[in-house]
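# Architecture at a glance
Given next are the chains, with one letter for each unit.
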Amino acid sequence: MKKANLHEAKTNLSKLVDLAAKGEEIIICKAGLPVAKLVAIKPPTKKRKPGSWAGKVKIAKDFDELPESFMRHFK
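Below, the structure is looked at part by part.

Procedures and definitions
- Residues numbered from 1 in each chain as written.
- Predicted model: local features only at pLDDT ≥ 70, side-chain atom pairs only at ≥ 80, totals over all residues.
- Heavy atoms only, no water.
- Patch = residues over 30% accessible without salt bridge, like charges linked within 9 Å, V, L, I, M, F, W, Y side chains within 5 Å.
- Areas by Shrake-Rupley, 256 points an atom, 1.4 Å probe, with all protein chains shown as cover.
- Salt bridge = Lys/Arg side-chain N within 4 Å of Asp/Glu carboxyl O.
- Helix = DSSP H or I, 4+ residues; strand = E, 2+ residues; numbered from the N terminus.
- Buried < 20%, exposed > 50% of the residue type's maximum accessible area, 1.4 Å probe, protein only.

Turning our attention to a nonpolar patch on the surface. A surface patch of nonpolar side chains, amounting to about 520 Å² of accessible area, comprises Trp-53, Val-57, Ile-59 and Phe-63. Position of Trp-53 relative to the elements: it lies in the loop between β3 (33-38) and α3 (68-71). Trp-53 sits in the exposed class, given a relative accessible area of 61%.

Dropping the structure here:
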């Protein structure tokens, strides 16, 4: 995390944006106090397409049945 005062940020904005784009956080300070954070914008995630695993996964018929030897640990 890099800290930059307001004057430095105005003077070197392009360089600071490049650093942020590479994943670094830049804290911009005014009179020594943090007032803003410059970070990269995450690219939008791909929308999930429901049903993409259809036909690829099989669930056993006894999936929800647990053996009595296992269930006794919860009693």
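Still more to cover.
On to the pattern of salt bridges, then. Taken as a whole and assessed by the stated rule, the structure comprises two salt bridges. With its nearest N and O atoms 3.5 Å apart, the salt bridge here joins Glu-8 to Lys-2. On the basis of relative accessibility, which here comes to 25%, the residue Glu-8 falls in the partly exposed class. By relative accessible area, which is 27% here, Lys-2 ends up partly exposed. Between Lys-37 and Glu-25 there is a salt bridge; the shortest N-O distance is 4.0 Å. Residue Lys-37 is found in strand β3, and its partner Glu-25 is found in the loop between α2 (13-21) and β2 (26-30); the two are separated by twelve residues along the sequence.

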